[in-house]
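# Architecture at a glance
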Amino acid sequence: MAEEKIRFETEVSRLLHIVANSLYSQKEIFLRELISNASDACDRLRYEALTQPDLTAEDPEFRVRISVDDKARMLEISDNGIGMNRDALISDLGTIARSGTSAYLEEHQDDEGADLSTIGQFGVGFYSVFMVASDVEVVSRRAGEDQAWRWASDGTGEFTISEAEREGRGTTIRLNLRKGEDEFIDPVRLRQIVKTYSDHIALPIVLVGDDGEETVNEASAIWTRQKKDVTDDQYKEFYRHVGGFDEPWMTLHWNVEGKLEYRNLMYVPSAKPFDLFDPSRKHGVRLYVKRVFITAEADGLVPPWLRFLRGVVDSEDLPLNVSRELLQDNPMITRMRKAIVKRILTELGKKADKKPEEYKTFWDNFGAVIKEGLYEDFENRDQILKVVRFHSTTSGDDLVSLTDYVGRMKKGQDAIYYISGEDLDQVRKSPQLEGFAAKGIEVLLLTDAVDDFWIPSIGVFEEKPLKSATRAGADLDKVTAEENADEKDADDAKFDEGKVDALIAMFKLTLQEEVKDVRISERLTDSAVCLVSDEGDMDLRIERMLKQHNQLDETFKRILEINPKHPLVTSLADSVGKDGAGKKVEDAAWLLLDEARIMEGEQVPDPSAFSRRLNAMMSSGLPG
Ligand code: ADP
Ligand code: MG
């Protein structure tokens with residue numbers, strides 16, 4: 001039967017190029033990946049055999065077999081798992097399943113010799129064989145089918161598919177080693193690699209040597225072992241088997257006994273996966289029933305706001321024939337989820353309190369995901385609030401909790417203040433914060449898009465309303481200034497209210513419908529003006545965020561706040577009513593409004609008018 005040539009998907013070609021040129025020092029990890037795939041293939045067949053026992057009747061003992069041919073410089077890894085038919089070979093070994101990969105590779109396509117650890121996250125384990133092999137041949141026969149197929153490639157542009165012979169089901173992968181990779185035909189080295197990387201694998205890994213066959217690994221599922229019998233390295237290796245590509249930030253291994261019995265081995269990653277916010281992304285927790293793999297997509301087992309978790313849950317009570325589709329509503333799953341959520345939140349809380357530095361790493365990666373729980377998961381809201389942390393105007397690099405914040409509120413302060421924006425540094429410089437700084441009032445700095453959703457849905461924490469610093473009615477008057485607070489506040493320069501009122505009247509006349517109101521500001525100390533939204537209106541940062549995402553058409557008018565003590569404002573107020581001041585005050589009104597917009601990071605609606613006014617103002621200020 002003729003051989004068919006098929007080109008790799010573009011993404012795969014690019015990826016293979018990165019792999020082949022990778023400077024990755026631990027080439028031996030290709031073996032871990034192949035064993036991991038073999039183990040997955042056995043898991044999948046074991047599951048199918050629950051309903052179709054014929055599939056495994058002839059050959060019921062699952063195993064992986066590794067053998068070498070030193071003369072031919074050939075390494076062979078063979079399993080009796082589910083196998084692949086022609087279609088599966090083409091799609092599984094010729095494409096990349098995960099969405100978002102393309103965009104990521106686009107960004108990194110010029111990284112010659114990129115670190116494999118960064119591409120590890122795509123589930124591209126198989127392709128790592130091309131680090132050590134010049135040619136690879138896969139012969140596979142799908143369980144329950146008679147025809148076997150051969151896939152072969154040298155890892156450049158294309159692969160071939162043809163009919164083949166194979167005794168029994170499963171997959172055999174034959175590597176023609178590249179020059180200089182002889183260590184991978186040395187049985188001593190191979191045994192050592194398997195021990196290091198695959199000891200946690202639950203099925204026997206058999207090394208075929210001159211003196212017969214030897215099972216190299218422990219061959220018991222790692223989560224069934226006692227904690228004390230598992231080394232850190234074994235935990236880490238298992239983490240890779242469940243899709244981790246970095247180091248685990250936290251590893252949790254616990255058993256639950258009683259009415260429901262199940263074992264859990266869970267990991268929190270230390271790095272953010274590239275597709276964390278991809279709507280199609282699933283969590284990484286695999287469900288087993290009595291050591292039999294059921295599914296990696298048990299929706300009800302882990303809530304979406306914990307989707308960064310990886311690991312295993314192994315239940316003793318679920319029926320083995322549990323339907324994957326019905327898992328979501330299974331009451332046992334629900335009970336397990338509740339317990340898992342509680343445990344994870346407790347452990348996160350402990351870390352947050354005891355190791356704030358380490359917690360910060362976690363929070364930077366996954367805080368935005370956890371916060372989704374605040375509006376999606378009403379039941380756990382209070383627990384979640386305990387582990388939520390913030391940057392604030394007074395905390396420097398440290399993160400603060402809402403409880404910390406409330407504990408240090410100023411006398412007379414009756415709200416929790418926050419300000420939101422896209423970028424931390426920029427938010428810190430917001431003019432609206434000046435008055436808060438002068439009074440020593442802490443303001444939480446929010447920079448995640450989800451903040452705009454959970455804040456309104458929570459509204460209040462420990463009876464203190466959450467209020468935006470960019471909104472009118474901040475009531476800063478009531479708060480007692482600190483002894484050591486900003487000097488500027490203490491000297492409390494007087495201003496002529498009558499004159500400022502006249503100026504404001506002029507501004508209103510000039511700006512008319514452009515603003516909702518013009519008012520004296522309580523919150524400015526250094527800047528002359530700023531924009532705020534009216535009490536009942538949408539927060540102006542939220543409005544901008546929603547507009548950027550095309551989720552809002554409406555535009556709310558803003559209030560222009562004026563700092564009456566600012567020298568520019570006092571001289572403008574002095575000039576009102578004087579000869580020839582009219583036009584200048586009008587220009588000033590427009591210019592100051594534009595200035596306030598610029599400080600908000602917004603566009604000036606009429607740049608040419610802005611330039612004209614600015615030029616006129618500058619010329620009139622020049623001597624002579
Ligand atoms: P991942 O394991 O993360 O899915 P891989 O690149 O390691 O990514 O493997 C790609 C796919 O190829 C697997 O998901 C599986 O469907 C298939 N596959 C690889 N090796 C085997 C095998 N030994 N038996 C059956 N299927 C396999
Ligand atoms: Mg794999």
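What counts, and at which threshold
- Residues numbered from 1 in each chain as written.
- Chains lettered and ligands numbered in written order.
- Predicted model: local features only at pLDDT ≥ 70, side-chain atom pairs only at ≥ 80, totals over all residues.
- Heavy atoms only, no water.
- Domains from an automatic or database assignment.
- Salt bridge = Lys/Arg side-chain N within 4 Å of Asp/Glu carboxyl O.
- Helix = DSSP H or I, 4+ residues; strand = E, 2+ residues; numbered from the N terminus.
- Buried < 20%, exposed > 50% of the residue type's maximum accessible area, 1.4 Å probe, protein only.
- Pairing = 2+ DSSP bridges.
- Axes fitted to C-alpha atoms, helices over the stretch in contact; angles between N-to-C directions.
- 1 Å grid on protein atoms, 1.4 Å probe; cavity = no way out; pocket = protein on both sides within 12 Å on 5 of 7 lines; lining within 4 Å.
- Points joined across faces, edges and corners; volume = space filled by probe spheres on them.
- Nonpolar A, V, L, I, M, F, W, Y, C, P; charged D, E, K, R; others polar.

Here the focus is the domain arrangement of the chain. Considered domain by domain, the chain is made up of domain 1 (4–215), domain 2 (224–354) and domain 3 (494–620). Taken over C-alpha atoms, the centre of domain 1 sits 66 Å from the centre of domain 3.

Opposite charge on two side chains allows them to pair when their charged atoms are near. Tallying each qualifying case throughout the model produces 47 salt bridges. Between Glu513 and Lys557 there is a salt bridge, and its shortest N-O distance comes to 2.9 Å. Highlighted residues: Glu513 in the loop between helix H18 (497–511) and strand E20 (517–520) and Lys557 in the loop between helix H19 (540–548) and strand E22 (559–562), separated in sequence by 44 residues. On the basis of relative accessible area, Lys557 is assigned to the partly exposed category, the value being 36%. Put simply, Lys516 and Asp537 hold a salt bridge, and the shortest N to O gap is 2.8 Å. With Lys516 in the loop between H18 and E20 and Asp537 in the loop between strand E21 (529–532) and H19, this pair connects stretches of sequence that are 21 residues apart. For Asp537, a relative accessible area of 13% corresponds to the buried category. A single network of salt bridges, built from pairs that share partners, joins Arg32, Glu33, Lys236, Glu237, Arg240 and Glu247.

A separate point is the sheet that holds strand E11 (residues 262–269). Strand order across the open sheet formed by five strands is E10-E11-E14-E12-E13, with mixed pairing between neighbours. Edge positions in the sheet fall to strand E10 (248–256) and strand E13 (292–295), since each of these pairs with one other strand and no more. For this sheet, the mean inter-axis angle between neighbouring strands, taken without regard to orientation, is 20°. Looking at chain direction, E11 and strand E14 (residues 310–315) are connected through six bridges and run antiparallel. Bridge pairing links Arg263 to Asp314 in E14.

The next subject is empty space enclosed by the protein. For the structure shown, the criterion picks out two cavities of 30 Å³ or more. When its volume is computed, the largest cavity comes out at roughly 90 Å³. The wall of the largest cavity is formed by Ser39, Asp43, Arg46, His200, Ile201, Ala202, Leu203, Trp223, Phe238, His241, Tyr288 and Arg291. Considering each element in turn, the lining of the largest cavity owes the most residues, three residues, to helix H2 (residues 29–51). Taken together, the residues of the lining of the largest cavity sort by class into six nonpolar, three polar and three charged. One number sums up the size of the second largest cavity: a volume of about 30 Å³. Forming the walls of the second largest cavity are Arg32, Ile35, Ser36, Tyr197, Ser198, His200, Ile201, Glu237 and His241.

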